[in-house]
Amino acid sequence: MIDFDIESFVRKYMTKRPESLLKADFVKYADEMRGRIDGKRMLVVGGAGTIGSNYVKAALRHFKPAAMYVVDIDENQLTELTRELRSAVNLEVKTKGEGEEWTGYNIPDEYVTEPIDLGSKLLDKFFRAHGPFDIVANFAARKHVRAERDVHSIEAMCETNVFMAKKLLDLLLESPPEAFFCVSTDKAANPVNVMGATKKLMEETIMAYADRLPIKTARFANVAFSNGSLPVGWLNRIAKRQPLSCPLGIRRFFVSPIESGELCLAASVLADSGDIVYPKLDPERDMIPFDVVVKDMLTDMGLGCRACKTTDEAKEAIVRLFDCSDCSIAERGGWPVEFFGSDTDGEKTFEEFYTDTDAKDEEKFVNLGVVKNAKRRPVAEVEAIFAKLHEVFDKVGATKEDVVEVLKEYLPNFNHISKGKSLDGRM
């Protein structure tokens, strides 16, 4: 077993921040956040994933809501979240003079988890049985660019990212909350892949309700070592004695899992209706290539990195690596990594949180910015877009390209990168 401290590595090599990006804003708005969260009833949909679970942890770590309901289709991860919350002990003792020590999560008596799909009729029953709720946050999402394989995978993406989000909003109109938050992505700004386009359409869908519900969302960076991410995949490959693969020239902003939850929590209760919140990060300082991350990780683990040009070379190298055990892995040449130039659909080489036409407020928060002029379509127009998409999905022989054309029609800044290859063709 290799000893690898993920949180320490993220702080040192990926975010390069010794403390949370949100610390200054949590201090600045401490009283206001307490007033808007303490004693409130919270519902978190998709709350077992990386961002959703850290949203729950942020709420229960810093504040005292009266009720916490967590819904997610993944029953196992819901169980793990509950175990983690109830097993927490004071592992972060602060030095004298820096404030109170953290002694665990403020789990309310009314803490309930339910393995329910966002699109299920059970959610309606659950909402009416346990609501109303003061704060509702939706983290249910198809988040991977690799998910745009064909028309069927794209339909599933639209179902989760867009159609179900509207269904939830229509349900909330029965008992409007004080705050509604729906997570977006940096890939919604000038999208080049279908995932980003669906998230952009999601933004415009929820903004159509901003005059009737307090709508907030956030675009932010890659969450370091989140479920399904490339870095966590590297750890899984190492545990199974398999070679790694890594794209060249792909730079990303990173936030820690803790920061992801805190950012969304701050956005959900502090932003104005119609706001899109994003982290204020510097492209030159904070955007890091994946190939740098994997080399730093392997060095930090004491394994070293052996660069390979092909999948076969990397596989052959991993076999030879374990043929000999007379010296360390680093001394045997390092862990094999196939480095390759990006050649798959929808892969953007860099990240951005806003477009040239976005009106930004970077004064309200210390380390967050806000897009203030998000497009607000009439609900009827959104429904017309949905009808067009359903028409394509219901057509026999429909293709991925058919869906892309519909999305381009309604999202003029959608510039799809099509190279005819999927990430499923890679290790």
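Let me sum up the structure you'll find in this document. These numbers come from a predicted model, not from an experiment. (Residues numbered from 1 in each chain as written. Predicted model: local features only at pLDDT ≥ 70, side-chain atom pairs only at ≥ 80, totals over all residues. Heavy atoms only, no water.)

1. Structural notes on the side chain of Thr 50
(1) Moving on: Along the chain, the position of Thr 50 falls in helix α4 (residues 50–62).
(2) Moving on: Within the structure, Thr 50 has its side chain in polar contact with the backbone nitrogen of Asn 227 (distance 2.8 Å). (Helix = DSSP H or I, 4+ residues; strand = E, 2+ residues; numbered from the N terminus. Polar contact = N/O pair within 3.5 Å; in protein donor to acceptor, adjacent residues only side chain to side chain.)

2. Looking at the environment of Glu 316
(1) Moving on: Note on placement: Glu 316 falls in helix α13 (residues 311–321).
(2) Moving on: Measuring from C-alpha to C-alpha, the distance between Glu 316 and Lys 166 comes to 49 Å, with 150 residues separating the pair along the chain.

3. Comments concerning the environment of Val 44
(1) Moving on: Relative to the helices and strands, Val 44 resides in strand β1 (residues 41–45).
(2) Moving on: Residue classification places Val 44 among the buried residues on the basis of a relative accessible area of 0%.
(3) Moving on: As for Val 44 and Val 162, which are separated by 118 residues in sequence, their C-alpha atoms are 17 Å apart. (Buried < 20%, exposed > 50% of the residue type's maximum accessible area, 1.4 Å probe, protein only.)

4. A short note on the sheet that holds strand β8 (residues 244–248)
(1) Moving on: Overall, parallel pairing links the three strands, which are arranged β8-β14-β13 in an open sheet. The open sheet has two free edges, formed respectively by β8 and β13 (305–308), since each of these has just one partner strand. Strand-to-strand twist in this sheet, taken as the mean axis angle between neighbours without regard to direction, amounts to 35°.
(2) Moving on: Pairing of β13 with strand β14 (residues 335–341) involves four bridges; the strand directions are parallel. Opposite Arg 306, over in β14, you have Pro 336 as the bridge partner.
(3) Moving on: Its contacts with the sheet place helix α9 (residues 230–239) against β8 and β14, and it is angled at close to 155° to β8.
(4) Moving on: Each of β13 and β14 touches α13; the most contacted strand, β14, lies at about 175° to it. (Pairing = 2+ DSSP bridges. Axes fitted to C-alpha atoms, helices over the stretch in contact; angles between N-to-C directions. Contact = heavy atoms within 4.5 Å.)

5. Describing unusual backbone geometry
(1) Moving on: For the bond running from Gly 131 to Pro 132, omega is 0°, close enough to zero to count as cis.
(2) Moving on: Inspection of the secondary structure assignment puts Pro 132 in the loop between α6 (121–130) and β4 (135–138).
(3) Moving on: If you check the backbone angles, Lys 16 has positive phi at about 55° while not being a glycine.
(4) Moving on: On the secondary structure map, Lys 16 appears in the loop between α1 (6–14) and α2 (23–28).
(5) Moving on: The class for Lys 16 is exposed, based on a relative accessible area of 53%.
(6) Moving on: We note that Phe 225 has phi near 60°; this positive angle belongs to a residue other than glycine.
(7) Moving on: For Phe 225, the position within the fold is in the loop between β7 (222–223) and α9.

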